[in-house]
Every structure is written in C-alpha cells, then in structure tokens.
Amino acid sequence: MDASYDAVVIGAGPNGLVAANRLADAGWSVLVLESRPHVGGAVHSDRSVDPGFEHDMFSSFYPLAAASPAIRSFGLEDYGLVWRHAPAVLGHPLPDGRWAMLHRDRAVTAELLEEQAAGDGDAWVALCERWQRIGDQLVEALLTPFPPVRATAKGLWRVRSAGGLDLVRMLLTPVADDTLWRFRGDAPRLLLAGSAAHSDIPLDAPGSGLMGVLMTMLGQTVGFPVPEGGSSRLVDALARRLRDHGGEIRCSAPAERVEVESSRVTAVRTADGSRIVVRRAVVAAVVAPILYGRLLADGDLPARVRRGMRRFQLDPGTVKVDWALDDTVAWATAPPYAPGTVHVADSVEELGEANGQISAHLVPARPFLLVGQMTTTDPTRSPPGTEALWAYTHVPQRVHGDAGDDGITGTWDHAECERFADRIQARIEERAPGFSSRIRARRVMGPRELEAADPNLLGGAINGGTSQLHQQLIFRPVPGSGRAETGIRGLYLGSASAHPGGAVHGAPGMNAARAALAHSRWWSRRAR
Ligand SMILES: Cc1cc2nc3c(=O)[nH]c(=O)nc-3n(C[C@H](O)[C@H](O)[C@H](O)COP(=O)(O)OP(=O)(O)OC[C@H]3O[C@@H](n4cnc5c(N)ncnc54)[C@H](O)[C@@H]3O)c2cc1C
C-alpha cells in the first residue's frame, strides 16, 4: 500500500527543513524527500579538500539566519548549534594598503572610518542610528509574505522618525550613486557597495542601496556568524529538531513527479517508483524551474504560471575555489582586526565594471571576489596556524566572450574552471603576496560541479533566480506571486525562488508552511 503523510516536503535545504519543522510543530506527519545522500542543500561542509580541514562547500556566513525570526524560533542551540564570530565582520583591502573595515562594535567601525576621512565616523553612526529605528521592522517586512501588512503597519511611524521619505529615497537609490551617502572617504562606500554585490542587483540599479544598507547593518548588529564546526552543523540541528518532533527525512530519494487531480495535489512519486499519498500539502523547496518544469506535468500548470515561467530569469552562475592553506593569509598590510569576510575589488567603479561585464555576458576580467577566512572565524575548521579559505565570484549564465585574456568560452569544463580559478587566485596574490606558496590543496567548483553537488543550483545560480526588482515581491517567481501559493490546491513553493529569495533565512519555507496550515484550517472549517 502507498505510504501517506499530511505533508511531503521536497528538498532538504534550509527552506525545506524550516517548512518541515513548522509543519511538524503543528502536529502534522511530515516526510522530507531529498535527492542527495545528505540534508542541507547549499548548506553543507565536508573534508574533501584536505582531511584536516572542514570546508563549507557553498554558503558560510549567516547574518540572515541569525536575524530570522523563523530560524530563531526553533531554538537550534538546544540541538547543537553554536555560532562563532571573527574578530571583525568584514574587511576590504585597498591597493594602497588601507583597509575598509566593518567591526561588530559600531564605535570601532566609526573610529576606523574617521581615521581615513574626517566626518565619516559620525556619518556612519548616524546611519546606524537610523537603522536602529527601522531595522527590525524592515527585516520582518522582508521575511514575511508580500505585502507585509503587519510589519508595515507597525513600522510606518518608525520610518517617519527615521527620516520619512528621505529614508525611503535613500533605500531605493542605487548604491553606486554618489549623491546618496554623506561620506567623504571611499571606505564606507566600498563596504556598502561590496555588501550590495552579495546579490546580483546591478550597483547602478534601484534595490542595490537597500541591499548594501541591509547587509552592512546586519553585520553591524548580528555580525556575520558561522556555525562552529562547519556549515553542516546548522542543517544538522534543523534535521535533529525535526526528527525529535516526529518528522521523517528520506535521503537519496529524488522526487520525480507531483501528482495533481482536479487542480489539487494528491501524491508525490519518487525516482525509485514509490508513491507517497499526500493528505494536506506538498511544499516544494526546490527552485521554480524544477517544480514547474520537471515535477509537474505541463497540463497541471496554471496558465499564469506557464506564461510567467517562460520569462523566468536565473541569477548569474558561480565559480568557487576552496583552499587549504599551510599558514594564515599574509595580507600586504595587516588589517586592524582580522575579518571573517573579505571583499576584493580595487574600487567601487571596478566592482561596477565587473558587474556590467556579467550583464553583457562577458566573463569578468577582474572579478569581484567574496572571500571567507573560515579558521579566522571559527578556529575548529583547521589546525592552529592554518586557514580554510574560499573565494567565489559570479559569471554569466550565457557566455559571449571573455573580458580577460584567457579565452574562456563558457563551457566551464575542467580546464576552463582551472584557468578562471588561477585568475581568482591572482587577485588574492595581488593583495597578499606569496599567497600561492601557502597552498596545501585546492578545489575548484564551476557551474556544473555546483549543480552536480546540489541540483537546485541551476547553472551555478545561487539565489533561485535573479534578485533584480523585476523578479522580486509580487513578481517572484512569476508576476502575480509574492506568496507561496502556486495556483494548485495544497501545493506551495517554499524555496529561494519564492519571495523574499536567496540566502539562509528560512523565510520561503516558513511562509509556505504557514500558508499550508492556514489553508488547511480554512478548508476544515468549510467542511464542517
Ligand atoms: C556558493 C554559494 C555561497 C553562498 N553563500 C551564502 C552565504 O554565505 N550566506 C547565505 O545566507 N546564503 C548563501 N548562499 C545562498 C543559500 O545557500 C541559498 O539561498 C539557500 O541554500 C537556499 O535554500 P533552499 O532550501 O531554497 O535551496 P537549497 O539549499 O539549494 O536546497 C534545495 C535542496 O533540494 C534538493 N532537491 C532538488 N531537486 C530535488 C528533487 N527533485 N527531489 C528531492 N530533492 C531535491 C537539493 O538536493 C537540495 O538539497 C550561497 C549559495 C551558494 C551556492
């Protein structure tokens, strides 16, 4: 006989595990199906670079998880999660040897900025004070379904006291716009622009200012924490909690088909031929093209979704390099405090240029690097005196040419990935001469390797679809969305392809679970 559950969750990434936990908390029987042999999706660490080093394969720093009401509500510390912080949150080494630094103590950040340009310390504190008035509400508004009615109602008066329309204008202005900030030096602008570049919103487009402020102010308040022992410890805690509350997880069990009858979800079939009957809901915590393009039969797709998905846009691909280093990174000038996250770009303008090349389908000549000094952040990651380091950067989904000199064509085979990894490495070598001589082992993952390691990362896209305004809010993943509902009764999209998008905060999973619970209550009231 077919097994049956109240809910089946497809995908054991952070969003799937958050959804499953919430449904299990409500007393539902829940089965999570995961295609890979382990839980976690793009939250996974292992020792395959070097047996003495625990490397995060994908994501590493979790400010949004630390700030997320959904994840905080689970008390994961009781399930083994311990957060660790680097001495400083973020550092950006400049060609002349200076560092732009973000320290969790805003007085320290202000002091360091003031040293570089008189007045910038006070301007930074003023920005922090504005954030203090609206930050919580803004994060709540971003992490709840759109439109965020409750958070907006609570937050309106605070927006007024934090500067009203002036503040709204500031958040909507592109981060690269010079008129936006009251800073004299380049350091604060670099911190903001580099943080905005964690998403794929162009630095000269609306939304990048909000992203820059959000990420730097999160860094300023909750920091950029990492789970002690490796990123897997975060999802292990979610999985442990789920099992403790009666949920089941089946790994190496890819879902192959979501069955629908009379516009209502009825069952999920797995690749080994099992059929799991669904009594109440399916939460698909996989990217929209997998749900709408593979798991559902074409005839089951609502017309609006079919039309919208023709124009669905992935975010750019990614190339990531992990290094096991025999020593710490010897930056040309030592930073005043050792940062966990490092940004590498010569200037805001160069960062914008790399962004522009990606938009023009060119492989960036001087890619903007996000770098993680993991042992600096969490000393358990590798032996004392060594460093588990990574860097990643973005590349176009479709490559028309190489803005650099290596003739990269976008096949991203082994040779191309290695050549591009050398370009990445050379950028670090510029800031830390002798870097290459400290390398014990290196792992390169291009778009294909990333997708093979997590089938959700289509073409190496890390955010479940572009974060640009035309695919956000009510346009995510297709126009008319903004919530987890799919137009098929009992089926919810709970991945980063749903509002509010990528990063580890669990909001799409939580929104999907809450929608499933609310609808189920509504249907049972109606049936009475
Ligand atoms: C290189 C990289 C660096 C990143 N850095 C950060 C960071 O530092 N901080 C941060 O907050 N975010 C970061 N992110 C983004 C973040 O990891 C993702 O936004 C987040 O993991 C999305 O969660 P998810 O649950 O929606 O999807 P995923 O984490 O991708 O999980 C989806 C799961 O679904 C499974 N799956 C797919 N198809 C099926 C199927 N048919 N049946 C069953 N299971 C299936 C996959 O195997 C996977 O386990 C990074 C991502 C990458 C790739």
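Preceding this section is the structure that the text describes.
Let me begin by describing the structure that accompanies this report.

Each value, and the rule that gives it
Residues numbered from 1 in each chain as written. Predicted model: local features only at pLDDT ≥ 70, side-chain atom pairs only at ≥ 80, totals over all residues. Heavy atoms only, no water. Helix = DSSP H or I, 4+ residues; strand = E, 2+ residues; numbered from the N terminus. Polar contact = N/O pair within 3.5 Å; in protein donor to acceptor, adjacent residues only side chain to side chain. Contact = heavy atoms within 4.5 Å. Near = heavy atom within 4 Å. Areas by Shrake-Rupley, 256 points an atom, 1.4 Å probe, with all protein chains shown as cover. Nonpolar A, V, L, I, M, F, W, Y, C, P; charged D, E, K, R; others polar. Axes fitted to C-alpha atoms, helices over the stretch in contact; angles between N-to-C directions. Parallel < 35°, antiparallel > 145°, perpendicular 65-115°, else oblique. Phe/Tyr/Trp six-rings, centres within 6.5 Å; stacked < 30°, edge-to-face > 60°. Lys NZ or Arg CZ within 6 Å of the ring centre and 35° of its normal. Buried < 20%, exposed > 50% of the residue type's maximum accessible area, 1.4 Å probe, protein only.

1. Some words on the side chain of Thr393
- Relative to the helices and strands, Thr393 resides in strand E17 (residues 387-395).
- A polar atom in the side chain of Thr393 sits 2.7 Å from the backbone oxygen of Phe368.
- Excluding residues within four positions of it along the chain, Thr393 makes contact with Gly317, Thr318, Val319, Pro367, Phe368, Leu369, Phe420 and Ile424.

2. Focus: the site of the ligand
- Around the ligand there are 34 residues in total, and Glu34, Phe61, Asp454, Ala503 and Val504 lie nearest to it.
- A distance of 3.3 Å separates an oxygen atom of the ligand from a polar backbone atom of Gly41.
- At a separation of 2.8 Å, an oxygen atom of the ligand approaches a polar backbone atom of Ala503.
- Contact with the protein chains covers 94% of the free accessible surface of the ligand, which is 1000 Å².
- Of the residues belonging to the shell around the ligand, the class tally is 19 nonpolar, 11 polar and 4 charged.

3. Re the packing of helix H5 (residues 120-143) against helix H9 (residues 208-221)
- It is at 9 Å that the axes of H5 and H9 come closest, and there the two elements cross at 100°. By the angle class used here, H5 and H9 are roughly perpendicular. In this structure, H5 contributes Trp124, Leu127, Cys128, Trp131, Leu138, Val139 and Leu142 to the contact, and H9 contributes Leu210, Val213, Leu214, Thr216, Met217, Leu218, Gln220 and Thr221.
- In terms of residue class, the contact of H5 with H9 is built from 12 nonpolar, 3 polar and no charged.

4. Examining the packing of aromatic side chains
- Applying the stated rule across the entire model yields 9 aromatic pairs.
- On the basis of an interplanar angle of 20° and a centroid distance of 5.6 Å, the ring pair of Trp390 and Tyr392 is categorised as stacked.
- Members of the aromatic cluster, each reached through a chain of ring pairs, are Phe61, Phe224, Trp390 and Tyr392.
- The ring centre of Trp523 lies 3.4 Å from the NZ or CZ of Arg489, which sits over that ring.

5. Examining the side chain of His55
- In this fold, His55 is placed in strand E4 (residues 53-56).
- Among the residues examined, His55 registers a relative accessible area of 1% and is labelled buried.
- In terms of polar contacts, His55 uses its side chain to reach the backbone carbonyl oxygen of Trp323, at 2.8 Å.
- Once you skip the residues sitting within four places of it in the chain, His55 turns out to touch His44, Ser45, Asp46, Val49, Asp322, Trp323, Ala324, Ala388, Leu389 and Arg443.

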